[in-house]
Amino acid sequence: MRFTLITIGTLFIMMQTMAQPVKPLIYPVYSGHDLGLNYSPSASSFRVWSPHAEAMELLLYKDGDESAAFRTTNMERSKDGTWFAQLSEDLNGIFYCFRAKFKGKWNKAVPDPYAKAVGVNGKRAQVMDLKNSNPPGWQNDQVNQTPMQPTDAIIYELHIRDASISPNSGIKNKGKYLGLAELGTKSPEGELTGLSHIKDLGVTHVHLLPFFDYNSVDERKGAPVQYNWGYDPLNYNAPEGSYSTDAYNPLTRIKELKQMIMAFHNQGIKVVFDAVYNHTGLTEHSYFNELVPGYYYRHKADGSLSDATACGNETASEKPMMRKFMIESLLYWVKEFHIDGFRFDLMGVHDIATMNLISKELHKINPGILLYGEGWTAGSSPLPDSQRALKKNASELEGTAVFSDDIRDGIKGSVFDIKDRGFATGKPGMEESVKFGIVAALPHPQIDYNQVNYSKKPYAAEPGQVVTYTECHDNNTLWDKIELSCPDVDKGEREKMHKLALTIVLTSQGIPFLHAGTEFFRTKFGVENSYKSPDSINQINWSEKSIHKDLYNYIQQLINLRKAHPALRMHNAKLVYTNIRFSENLPSNVIAYQIDADGTGDKWKRFFIIFNGSPDPHSITLPDGNWKDAFNNGKEYSKETNLESYSSLILYQE
Ligand code: CA
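Rules of the game
Residues numbered from 1 in each chain as written. Predicted model: local features only at pLDDT ≥ 70, side-chain atom pairs only at ≥ 80, totals over all residues. Heavy atoms only, no water. Salt bridge = Lys/Arg side-chain N within 4 Å of Asp/Glu carboxyl O. Helix = DSSP H or I, 4+ residues; strand = E, 2+ residues; numbered from the N terminus. Buried < 20%, exposed > 50% of the residue type's maximum accessible area, 1.4 Å probe, protein only. Pairing = 2+ DSSP bridges. Axes fitted to C-alpha atoms, helices over the stretch in contact; angles between N-to-C directions. Contact = heavy atoms within 4.5 Å. Parallel < 35°, antiparallel > 145°, perpendicular 65-115°, else oblique. Left-handed = near helix turned anticlockwise from the far one by under 90°. Nonpolar A, V, L, I, M, F, W, Y, C, P; charged D, E, K, R; others polar. Donors = N, O, S within 2.8 Å, 3.2 Å for Na, K, Ca; no water. Core = buried A, V, L, I, M, F, W, Y, C linked by side-chain atoms within 4.5 Å. 1 Å grid on protein atoms, 1.4 Å probe; cavity = no way out; pocket = protein on both sides within 12 Å on 5 of 7 lines; lining within 4 Å. Points joined across faces, edges and corners; volume = space filled by probe spheres on them. Expected span 1.5 Å × (residues − 1). Disulfide = S-S within 2.5 Å. Phe/Tyr/Trp six-rings, centres within 6.5 Å; stacked < 30°, edge-to-face > 60°. Polar contact = N/O pair within 3.5 Å; in protein donor to acceptor, adjacent residues only side chain to side chain.

(A) Looking closely at the pattern of salt bridges. Under the definition given, this model contains 35 salt bridges. The shortest N-O distance in the salt bridge between Lys 123 and Glu 66 comes to 3.3 Å. With Lys 123 in the loop between β8 (105-106) and β9 (125-126) and Glu 66 in the loop between β3 (55-61) and β4 (71-74), the pair connects residues that are 57 residues apart, well separated along the chain. Its relative accessible area of 58% is what places Glu 66 among the exposed residues.

Below is the structure:
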């Protein structure tokens, strides 16, 4: 009855006050492809997406560092949540930022996410004609479009600074992009280093740790020497400045990065970009947040930021404008820098639909592009598991592989337990985990999946969906892991364990992946997480190469063997299923298997591969016929052979 006295309007206000509904903001999607700067000598136009800003300004500066803006332009509201400004003059070389206003307050002036050229420490973007960043010969640097099966790749993971910074690298441009463009460099002992070393080793792809502009290293002249892996993105589309010879000049870092990429291409080596779209290095004041507060991230039910990356935030690839940004950014790196592949950091943060769109778009412009990522996260995410690019969903990923931590730890022991050992370091019971990796996480009738360390069922649908490895930049190096987990084993035996571990990686199906320097027992002196450790820990000590030349020569031969033999890198699941036969009733810690080369195009008829991961010698029965050793000048075997502790044998029949 009493409500009859209240007017409808008042009731409406009361209901609103009582319920206090939080009206979700609507974000229109901009479908154009001109976000950021569009330069010509006669005019520069700028378009920024920020649907809920009250105003947007374009600020122009004479330098990329400290000077005050010399001009401020109000941008106009344009379609689908964008702001637009055009200045009809030649702005080449001028720096710029954008500033958005919310609730009457101006946010910090920042470059937009699409900024391609940035000044020192990535604080401001520059108007630039990208054509001026092409080094001589760049127009002939082909985006290599040769169709390639992912399993034909052999990946070598390297940090740009680590490659050259040691005094014994013989490289002039130490720690720089240009250091990896130098040819014929040698250690004091006369061994090839840097680019020529990688060429000589024979790998097909060099995977470089992040070289987009990251936040952690101060790029200013005279700043204290700093080291970082670079997993803290600031400007996704601009190269890192600390690897260039002049971080103040945005053109220099672009040009020198292209020189490095061209130098690799000239040696027939493809370049993989370590992509970190899963979070931003800055959180509250990230460039995303300054322009579109909150939009690009995932949140928990209580509205706080979710953090599946353990870096303070996680991006939301399922949101249309984040998805669009990732795709356009990746396409830009391929088109402008001729990048041949991408490794996705914590790929499990991204949704499957986005990863498949990325794969589709990238394969369209380069059918041979190599895509792989970490099929896990560093924490829980509000996006349901079923939608995320996790290892267990690998078969749903089209043209993108996942790292197999199953074989990684199966070979050497858990990375989370320093003392834990694996198959190659004498731990019994790890056979199924290694066999799981040998068949590239595919279904195989002779694997007892219940005995596999992590995955209790196969997750790949094709061998090209799995990266086979036993170490990377994370965690202890293989050599350090062996030393820490086998303190009572003498050095000679530990060297045999290391060699056996790498033999398993390079003979398994899937995509093999090596951490730089492992070919001469790289150590980081037991530093498990060296992301900001000094050069003394991280640098590649090139003098070790001459000391361990035997291992180097062996790994080089093994790489050549893999490249020469398609049976060691089969392209489809059916061949792996039918052509691989594991021997049964073997001693503990021994794996032996035959590969029939039928249907693979291999010039050899079959292989018989034996791994003895035990501290004892073992006598192994060979399948019928005469067998030749792929090493040791083709030494012949039949009926039976004896394998010493921690050793392998690769036999074949022609
Ligand atoms: Ca930087």
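We are not done yet, so read on.
(B) Representation of unusual backbone geometry within the structure. Positive phi values are uncommon outside glycine, yet Phe 525 reaches one of about 55°. Relative to the elements of secondary structure, Phe 525 occurs in the loop between β19 (511-515) and α12 (535-538). What makes Phe 525 exposed here is its relative accessible area of 57%. In the Ramachandran plot, Asn 585 falls in the positive-phi region, its phi being about 55° despite a non-glycine side chain.

(C) Seen up close, the sheet that holds strand β23 (residues 618-629). The strand order β20-β21-β22-β25-β23-β24 describes an open sheet built from six strands, whose pairing is antiparallel. Since the sheet does not close on itself, it has two edges, and those belong to β20 (580-582) and β24 (636-643), each with one partner. Neighbouring strand axes in the sheet, compared pairwise and without regard to direction, differ in orientation by 20° on average. Pairing of β20 with strand β21 (residues 590-596) involves three bridges; the strand directions are antiparallel. When the sheet's bridge partners are listed, Arg 581 is paired in β21 with Gln 594. Here helix α9 (residues 431-438) sits on the sheet and contacts β20, β21 and β22 (606-612); the angle it forms with β21, its principal contact strand, is near 20°. Helix α11 (residues 491-507) rests against β21, β22 and β25 (647-653) of the sheet, and its axis sits at about 150° to β22.

(D) Representation of the packing of α11 against helix α14 (residues 549-564). Closest axis-to-axis distance for the α11/α14 pair is 10 Å, and the angle between their directions is 15°. Relative to α14, α11 is oriented roughly parallel. Remark: the crossing between α11 and α14 carries right-handed chirality. For the pair α11 and α14, contact is made by His 498, Lys 499, Leu 502, Thr 503, Val 505, Leu 506 and Thr 507 and by Leu 551, Tyr 554, Ile 555, Leu 558, Ile 559 and Arg 562, respectively. Classifying every residue of the contact of α11 with α14 by side-chain character gives eight nonpolar, three polar and two charged.

(E) Main features of the coordination of the calcium ion. Coordination of the calcium ion by the protein is provided by Asp 213 (OD), Tyr 214 (O), Glu 219 (OE) and Glu 240 (OE), with metal-donor distances spanning 2.2 to 2.4 Å. For the calcium ion, all donor residues lie on one chain, and their spacing in sequence is D-Y-x4-E-x20-E. Each member of the pair, Tyr 214 as well as Glu 219, is classed as buried.

(F) Representation of the nonpolar core. Phe 46, Leu 158, Leu 208, Phe 211, Phe 264, Trp 333 and Phe 342 are the most contacted members of the largest nonpolar core, which totals 163 residues. If we ignore the near neighbours within four places in the chain, the residues touching Trp 333 are Phe 211, Phe 212, Tyr 236, Asn 237, Ala 238, Pro 239, Leu 257, Phe 273, Tyr 277, His 338, Ile 339 and Phe 342. In this structure, Ala 153, Val 467, Tyr 469 and Cys 472 belong to the second largest nonpolar core, which totals 13 residues.

(G) Representation of the layout of surface pockets. Size it by volume and the largest pocket reaches roughly 1,000 Å³. Lining of the largest pocket is provided by 46 residues; of these, Leu 346, Glu 374, Trp 376, Ala 378 and Asp 474 occupy positions nearest its centre. Of the residues belonging to the lining of the largest pocket, the class tally is 17 nonpolar, 16 polar and 13 charged. Taken as a whole, the second largest pocket spans an internal volume of roughly 660 Å³. In this structure, the second largest pocket is lined by 27 residues; those nearest its centre are Lys 499, Tyr 554, Asn 632, Ser 647 and Ser 648. Those elements that provide at least two residues to the lining of the second largest pocket are α11, α14, β24 and β25. Per element, the largest residue contribution to the lining of the second largest pocket is six residues, and it comes from α11.

(H) Fine view of helix α7 (residues 352-365). Look at α7: 20 Å from first C-alpha to last across 14 residues, which is about the 20 Å you get at 1.5 Å a residue. Along α7, the positions that sit buried rather than exposed are Ile 352, Thr 354, Met 355, Asn 356, Ile 358, Ser 359 and Leu 362. Residues of α7 that are buried make contact with α6 (320-337), β15 (341-344) and β16 (370-373).

(I) Representation of the environment of Met 430. As for its placement among the helices and strands, Met 430 is situated in the loop between α8 (405-412) and α9. On the basis of relative accessible area, Met 430 is assigned to the buried category, the value being 9%. C-alpha of Met 430 to C-alpha of Leu 651: the two residues are 221 residues apart in sequence and 23 Å apart in space.

(J) The arrangement of the pairing of β3 in detail. The buried fraction of β3 amounts to six of the seven residues, a majority that puts the element mostly inside the structure. Note that β3 and strand β7 (residues 95-102) share seven bridges and pair antiparallel. Counted as the bridge partner of Leu 59 is Cys 97 from β7. Where β3 and β4 come together, four bridges link them in antiparallel fashion. Looking at the pairing, Leu 60 lines up with Arg 71 of β4.

(K) The arrangement of the state of the cysteines in detail. Evaluated as defined, the whole model comprises zero disulfides. Unpaired in terms of disulfides, Cys 311 finds its nearest cysteine sulfur in Cys 472, a separation of 15 Å. Under the relative-accessibility criterion, Cys 311 is labelled partly exposed at 38%. The class of Cys 472 is buried, set by a relative accessible area of 9%.

(L) Up close: the packing of aromatic side chains. Evaluation of the coordinates by the stated rule reveals 43 aromatic pairs. Residues Tyr 277 and Phe 325 carry aromatic rings whose centres are separated by 6.4 Å and whose planes lie at 75° to one another, so their mutual orientation is edge-to-face. Note that Tyr 277 is positioned in the loop between β14 (270-275) and α5 (287-291) and Phe 325 in helix α6, a separation of 48 residues in sequence. Phe 325 matches Tyr 277 in its accessibility class, with the two residues each being buried.

(M) A look at the side chain of Gln 653. One can find Gln 653 in strand β25. Among the polar contacts listed, one links the side chain of Gln 653 to the backbone oxygen of Asn 626, at a separation of 3.2 Å. Residues in contact with Gln 653, not counting those within four places in the same chain, are Trp 604, Lys 605, Arg 606, Asp 624, Gly 625, Asn 626 and Trp 627.

(N) Expanded view of the pairing of strand β6 (residues 82-87). Relative to β6, strand β2 (residues 43-49) is paired through six bridges, and the arrangement is antiparallel. Within β6, the position partnered with Val 48 by the bridge is Trp 83. By the bridge criterion, two bridges tie strand β5 (residues 76-77) to β6 in an arrangement that is antiparallel. Bridging across to β6, Glu 76 finds its partner in Phe 84. Joining the antiparallel neighbours β5 and β6 is a turn of four residues, in which Asp 80 adopts a positive phi near 50°.

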